[in-house]
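# Per-entry structural report
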Amino acid sequence: MDSVRTCVACRKRASRAELLRVVLHDGRLIVDDRAVLPGRGAWVHPTVQCLNQAVSRGAFPRALKVSGKPDASPLENRLKTLMDN
């Protein structure tokens, strides 16, 4: 059975397969496709709405327990790539 996680943006619960795990690496938010990168992870639906909501509400720094505003551009670029396919 797949474990359930909560999207940091919309707060809806979903299986890990439906969400993207995001980790902080060198001050940038990156997608952890295989959910194996070290450190805290935040889970978000792979949609523009959830990504924008999480960034605007500051959900990633809170979920990842970091201060400041991490660079979300790698995450946004990756999401655009997913949307185009």
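Our subject in this report is the structure included herewith. Each residue is numbered by its place in its chain's sequence as written, counting from 1. Residue-level local features of this predicted model are given only where pLDDT is at least 70; pairs of side-chain atoms are given and counted only at 80 or more, and the full residue set underlies all totals for whole chains, interfaces and linings. Here the side-chain values reflect all heavy atoms present in the structure, with hydrogen atoms and water set aside.

Turning to the nonpolar core, a few remarks are in order. By size, the foremost hydrophobic cluster in this structure holds 21 residues, and its most contacted members are Val-8, Leu-29, Val-44, Phe-60 and Leu-75. Going along the chain from the N terminus, every DSSP run of H or I of four or more residues is numbered as a helix, and every run of E of two or more is numbered as a strand. Those elements giving two or more residues to this core turn out to be β3 (20-25), β4 (28-31), β5 (42-44), α1 (48-57), α2 (59-64) and α3 (73-84). In this structure, Val-44 is in contact with Cys-7, Val-8, Ala-9, Leu-19, Leu-20, Val-22, Cys-50, Leu-51 and Phe-60, ignoring residues within four places of it in sequence. We call a set of buried Ala, Val, Leu, Ile, Met, Phe, Trp, Tyr and Cys residues a nonpolar core when their side-chain atoms join them within 4.5 Å. Exposed residues in this analysis have more than 50% of their type's maximum accessible area, buried residues have under 20%, and partly exposed residues fall in between, with area computed by a 1.4 Å probe over protein chains only. Any pair of residues with heavy atoms lying within 4.5 Å of one another is described as a contacting pair.

Sheet strands pair by backbone hydrogen bonding; their relative direction is either parallel or antiparallel. Pairing is antiparallel in the open sheet, where three strands are placed in the order β4-β3-β5. A single partner strand is all that each edge strand has here, and the edge strands are β4 and β5. Geometrically, the sheet is characterised by an average inter-axis angle of 40 degrees between neighbouring strands, direction not taken into account. Bridge analysis of β3 against β4 gives four bridges, and the strand direction is antiparallel. When the bridges of β4 are listed, Val-23 appears paired with Ile-30. To obtain each axis, a line is fitted to C-alpha atoms, and for helices this fit is confined to the stretch in contact; angles are then taken between N-to-C directions over 0 to 180 degrees. On the sheet, α3 packs against β3 and β4 and is oriented at approximately 30 degrees with respect to β4. Two strands are said to pair when DSSP picks up at least two bridges between them.

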